[in-house]
Structure formats: structure tokens, C-alpha cells
Amino acid sequence: MKIAFVVQRYGLEVQGGSESLCRSIAEQMKKYFQVEVLTTCAVDYLTWKDYYPSGPVEVNGVLVRRFSTHPPRDMNRFNTFVRKRIANQKPSLPDQIEWMWLQGPLTFDLIRYLKESREEYDLFIFFTYSYFTTYMGIQIVPDKSLLVPTAHDEPHLYLDIFKPIFHLPRAIIYNTEEEKRLVQRVFGNTHIPSEVVGSGVSEMEDSGVDRFESLSITDPYILYMGRIDVMKGCKELLDYFIRYVADTGRNIKLVLAGNNFMQIPKHPQIFHVGYVGQRAKYKLMEQARVLVNPSEYESLSLSVLESWSVGTPVLVNGCSEVLVGHCLRSQGGLYYTNYGEFSLCLDLLLSQPELRVKMGEYGRRYVRTNYTWDTVEEKYLKLIMAVKG
Amino acid sequence: MDTFSINTEDIDVAKIMKQIQERVLEKKKAGVYTDEEIREVSELKNQISPQKEGSYGELALHLRRLHHNWEVATSAALITSHRRILGPFIVALKKIGFRIFRFIAHPFVIRQTEFNAASVRFASVLMDELSRLAQENKELKEKQEKLLQEMEELKRKI
């Protein structure tokens, strides 16, 4: 069977939850099927500018066909349009369609390839509902499509243009029960076969000499891992943390690991260590007192699952149903919706090591039960075979 | 800050969170988180973060309040009674009444929560836009001053 994964970006240099998930699944599925990836040449999700050359290339044993994006996204135009035409009112259908064009990535070569080569593939697996590649692709090959929406409760989920996207595919794979409930509530698509799968989490490998050694963080710290961005709730996290250390006088550091897209205040207890590799990431997680995920918009949160896989409890944004669901099912972390809760939760976790250890263990067990690659592969295979009869 | 402890034998996150939420409500009632305190932290933040404009301190404070209170669907009421003998009976009665109210009002509360969420998001976008404009304005003023200085120098030379 020949399967194509269709995703907005793909490559070793690409950061992003949905894209990483797609790459992991594609690499796992190549054991069972002939796998190809259809994607753009972009790395930057803001502009979609071509970074890789177009054409076929092999990435970790998977054939990747890259197509050029033209024109790249004009973020100023996009933001102005969203402010004027989308944010303040119920947008009209033409405005919604224009939004989709401005959202991109406008890769007409990929769309043409889909039209011309649809018979060569048995199944197309589309990742992320909100991009042009999925929006157009699913409408071209609905009878051969499977959708991994990675949706969360964000304003554009409610746009009418997405209705067909959630009704056309042969099946949908959700990352969490919460995502499934949200999508089914918004689109009423319970008749579409679906499965809650998520992603597999790899166990930490033995680390050799790594960049972690040069980070030299000796004091106790809490960790944020991921893109440092206002949209990820980092501004609120920084505000709360600064207030917390002012209130309590605790000698605790906040370590931010990831590429930065916002102003980080200068504070003696806040460290930005930049983007770290896989081994350093696990080491940072393992040695952290707590991993914090302040994002309100999450459809899975790999960082939380990875943190549990090394036995570190988490403190997450209680406005995210997905994150709260993880915590309640695993008993591996606490959540907050305001500063009062943030400070009490953090205080509790920092002052009771035995609570941290126990919650970390519960988290690890949750990951081993639900998010091993064996479980994930099995669920994907079952659904793919069901769709193809 | 006073810390409370949790029995680690049998961890139940839902229970822990309920305890934490009750303590936050108690603190709010006791006025632990005062407006003054919030303002102080806001000022502290302004000192630390060069991007923050002092003139938007109050707006930021209101926005923060909106962020704290938009979620009416999950907000819990702390039901207590000061009466010693009748107290438990009154509390039980109030709890039943509150549950009935929540059951009847649920659809409206959900709609209100959705509206609140949209309003808070909109306000946040506006706030960010204001901050961006303020920064832009500041930079333009600096540029203008620099140009005026250059003009003065040129005039003097002529």
C-alpha cells in the first residue's frame, strides 16, 4: 500500500508540534507501507518562504516531495486582515476564503500534483486542519483522505469554511479525547469514523557529552520547553513567576528552553538557554523540579508527555481542556487558571519532594500505557486497514 | 507564603485542585490578593520589562482581571455558615440549592463563558496592538527629535 502524508512543513530543521508528529508517524509507518511525504519547501511558518530546494529528497529513509510556495505570506497584510475582517465580527464566507488564502502556504504545485497523481496513492494522511495544503487537499481527494486535525479551541476553528474539512475525510485521528469532543461539538461529525491516538514518546537515551553540560544549571529550577511566544502563554508565565519569587523569596530558577519570539525580561532568576537538542532536552526535563506548560491552546503537548516519561511532574494551564485532561487521567500534574492557583500549586510541588516523585511516577506510567510507539502504531494500522477495507 | 501539605499516599489531582481553589477563594475573601499588591507587581514588571509602558498599567491590570475571571462555567462557590449547630444543615441545603441552580443555568453559563472567552481574546489582541503602537510612537518621536537636532545643526552651519 502506498501512503502519502500531506503536511505544511517537513524536515529535520522544522520545529512545531504537528510537523514533528507527522515526521514521527511517517518514519514509523515506513515499516509497514510505502510512505511518501508531500510538503512545501518552507521552514518558517510565518512567511512560508522557500528554504529547501523543491523536488524529491530522502529524509531519514522517507521520500519527501517538496513543492515551492508562491507568493510567501505577508504577515502584516494577514494580521491587518484578521483585525479588520475576522476578529470583530462574524466574517462573511468570501472573507473566510480570503483568510485561508492569506494563511497559506500557497503551494499550487502541490495541489496540482495531488490532482494529477491521486491514482498513484492508496491513502493521503493530512496533518493540521487549518492550512491551505489540507483545506484544498482534502477537497481534491476526499475518498482517499484521513485527517489528523491537531485542532484546539482557537477562534478560526469556528470558521464555516472548515465544515467540509471535518466531514469529507474517510476517518479522523485525534490526539486526545478533549480534541475529539471539541471537534464533534463544533462540527457535529460523529458519523465520521475516528480514533484517539496521539504520539509515541521515546524513552530517554543514554546521554554522552552534550550541550547540556555547558549549560551549568546547578540551582533548582522549573522548566519551560518549547517555542517562547506570547501565543504559548509565556508572557503570563513570566509575569506569574516574577511575582511568585517576589512573594516567596524562593531560590528557584525558571529555565526557558526553545527559540525565542518575544521579549524576555531581564531577571536574575530567569534563564533562556535557547534551542536544545534531544538529549539535552531530556536531561533538562529530568533534572527540573517541575515542567510548566502555560499554553492555553494545546492539542496534545509532547513536552508534557516527554517530561512524564523521565518522571518529572508538570504544572499546566488550566484553561486548556487537553492539559487538564492529561493531569486528571494520569495524576501526574497540577493546573492553574490564575496567579493564586499558580503560586499554591508551585509551592506545593516545590515543598513536597515525595509528592513530585509520586506524580512523576504516575505520569511515567500514563505515558507507558498510552503513548508508546507500539500503541500508536497499532492504532494507526487498525484505522488505515479499516479505511482501505 | 504559607504552604499546605498533601498526603502523598493516595494522590487525587482533582481533590488537590479543589483544595487549592478553595484556599484561593479564602485568600480572595480575606483580601490577600489586594488591588494594591497586584499594582505593585505590575509596576515591578514594568521596571523589569523595558517594553512595558507605564501608562498602560491600569489597562494591563483590568486585562489581567479579565483573564482571571472569564471562566464562569467552572467557577466554584465557597459555601460556609457561621452557625455552630445549624451550620452543617444550612451548608448541605445551600450545596443542594447550588447544584440545582447549576443544572438549570448550565446552557446559559456555557454561552456566557464562550462570550467571555471571545471578549478576553479580543481585549488581549487590542492590548498588544496598543503596546505595539505605543512603541512605534516612541520610536517615531525619537526619530523626530533626532531630525530636529540635525536641522538645527545644519541651520547653524548655514
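Because the structure is a prediction, the values reported are computed rather than measured. (Residues numbered from 1 in each chain as written. Chains lettered and ligands numbered in written order. Predicted model: local features only at pLDDT ≥ 70, side-chain atom pairs only at ≥ 80, totals over all residues. Heavy atoms only, no water.)

Q: Residue-level account of the overall build of chain A, with values.
A: Counting its regular elements, chain A contains 15 helices and 14 strands. Counting all 389 residues of chain A, 60% fall into the buried class. Intrachain contacts of chain A at a sequence separation of at least 6 include 66% that bridge at least 24 residues. Surface summary for chain A: the accessible area is close to 15200 Å², and the carbon and sulfur share equals 50%. (Helix = DSSP H or I, 4+ residues; strand = E, 2+ residues; numbered from the N terminus. Buried < 20%, exposed > 50% of the residue type's maximum accessible area, 1.4 Å probe, protein only. Contact = heavy atoms within 4.5 Å. Areas by Shrake-Rupley, 256 points an atom, 1.4 Å probe, with all protein chains shown as cover.)

Q: So, the overall build of chain B: which residues are in play, and what are the values?
A: Assigned secondary structure in chain B consists of 4 helices and 0 strands. Listed by position from the N terminus, the elements making up chain B come as α-α-α-α. Per-residue burial over chain B gives 25% buried out of 158 residues. Within chain B, contacts between residues at least 6 apart in sequence are counted, and of these 62% link residues at least 24 apart. As displayed, chain B has an accessible area near 11800 Å², and 58% of this comes from carbon and sulfur atoms.

Q: Report on the packing of helix 12 (residues 321–330) of chain A against helix 14 (residues 353–370) of chain A, specifying residues and quantitative values.
A: Residue and element names in this part refer to chain A. At a minimum axis distance of 9 Å, the contact between helix 12 and helix 14 shows a crossing angle of 105°. Put simply, helix 12 runs roughly perpendicular to helix 14. Note on element contacts: helix 14 touches helix 12 through Tyr362, Gly363 and Tyr366, opposite His326, Arg329 and Ser330. Each residue belonging to the contact of helix 12 with helix 14 can be placed in one class, and the counts come to 2 nonpolar, 3 polar and 1 charged. (Axes fitted to C-alpha atoms, helices over the stretch in contact; angles between N-to-C directions. Parallel < 35°, antiparallel > 145°, perpendicular 65-115°, else oblique. Nonpolar A, V, L, I, M, F, W, Y, C, P; charged D, E, K, R; others polar.)

Q: Describe the sheet that holds strand 3 (residues 55–59) of chain A, with residues and values.
A: Residues and elements named next belong to chain A. With respect to topology, 8 strands assemble into an open sheet ordered 3-4-2-1-5-6-7-8, the strand pairing being mixed. The two strands at the open ends of the sheet, each matched to only one other strand, are strand 3 and strand 8 (194–196). The mean inter-strand angle of the sheet, taken between neighbouring strand axes irrespective of direction, is 20°. The sheet contact formed by strand 1 (residues 2–6) and strand 2 (residues 34–40) spans 5 bridges and is parallel. Within strand 2, the residue paired with valine 6 across the bridge is leucine 38. Running at roughly 145° to strand 2, helix 4 (residues 108–117) makes contact with strand 1, strand 2, strand 4 (62–67) and strand 5 (123–127) of the sheet. (Pairing = 2+ DSSP bridges.)

Q: Could you give an account of helix 3 (residues 93–103) of chain A, naming the residues involved and the relevant values?
A: Because each turn of an α-helix spans 3.6 residues, side chains separated by three or four positions end up pointing in the same direction. All names here are of chain A. By the burial criterion, the buried members of helix 3 are Asp95, Gln96, Trp99, Met100, Leu102 and Gln103. On an axial view of helix 3, the arc spanned by its buried residues comes to 165°, and they lie on one face. Packing partners of the buried residues in helix 3 comprise helix 2 (75–86) and helix 5 (132–140). Phi turns positive, to about 70°, at glycine 104, one or two residues after helix 3. (Arc of directions from axis to C-beta.)

Q: Please provide a residue-by-residue account of the pattern of salt bridges, values included.
A: Residue and element names in this part refer to chain A. Evaluated as defined, the whole model comprises 22 salt bridges over all chains. As a salt-bridge pair, arginine 85 and aspartate 95 come within 2.9 Å of each other at their nearest N and O atoms. Separated by 10 residues along the polypeptide, arginine 85 in helix 2 and aspartate 95 in helix 3 bring together distant segments of the chain. The class of aspartate 95 is buried, set by a relative accessible area of 9%. Of the charged contacts in the structure, one is a salt bridge between lysine 163 and aspartate 160, with a shortest N-O distance of 3.6 Å. Accessibility expressed as a relative area gives 43% for lysine 163, which makes it partly exposed. Judged by relative accessible area, which is 26%, aspartate 160 ranks as partly exposed. Connected via shared salt-bridge partners are Lys2, Glu36, Arg65 and Glu120. (Salt bridge = Lys/Arg side-chain N within 4 Å of Asp/Glu carboxyl O.)

Q: So what about the pairing of strand 3 of chain A? Which residues, and what values?
A: Residues and elements named next belong to chain A. Two elements, strand 3 and strand 4, share 5 bridges in a ladder whose sense is antiparallel. Within strand 4, the residue paired with proline 56 across the bridge is arginine 65. The hairpin formed by strand 3 and strand 4 contains 2 residues between the paired strands, and asparagine 60 there has a positive phi angle of roughly 50°.

Q: Can you tell me about the sheet that holds strand 9 (residues 221–225) of chain A, naming the residues and giving the values?
A: All names here are of chain A. Strand order in this open sheet of 6 strands is 11-10-9-12-13-14, and the pairing throughout is parallel. With partners counted over all chains shown, the strands left at the sheet margins are strand 11 (270–274) and strand 14 (333–336), one partner each. Ignoring strand direction, the axes of neighbouring strands in this sheet form an average angle of 25°. Sheet contacts for helix 10 (residues 278–287): strand 9, strand 10 (253–257), strand 11 and strand 12 (290–293); angle to strand 9, the most-contacted strand, approximately 140°. In this fold helix 13 (residues 339–351) packs onto strand 9, strand 12, strand 13 (314–317) and strand 14, with an angle of close to 160° to the strand it touches most, strand 14.

Q: Explain the packing of aromatic side chains to me, using residue names and the numbers behind them.
A: Residue and element names in this part refer to chain A. One pass over the structure, following the stated rule, counts 24 aromatic pairs over all chains. Their ring planes at 85° and their centres at 5.0 Å tell us that tyrosine 51 and tyrosine 52 sit as a pair that is edge-to-face. Classification of tyrosine 52 by relative accessible area gives buried; the value is 10%. An aromatic cluster of at least three residues, connected via ring pairs, comprises Phe78, Trp99, Tyr129, Tyr135, Phe162, Phe166 and Phe187. In this structure, lysine 2 packs its charged tip against the face of tyrosine 121, placed 4.7 Å from the ring centre. (Phe/Tyr/Trp six-rings, centres within 6.5 Å; stacked < 30°, edge-to-face > 60°. Lys NZ or Arg CZ within 6 Å of the ring centre and 35° of its normal.)

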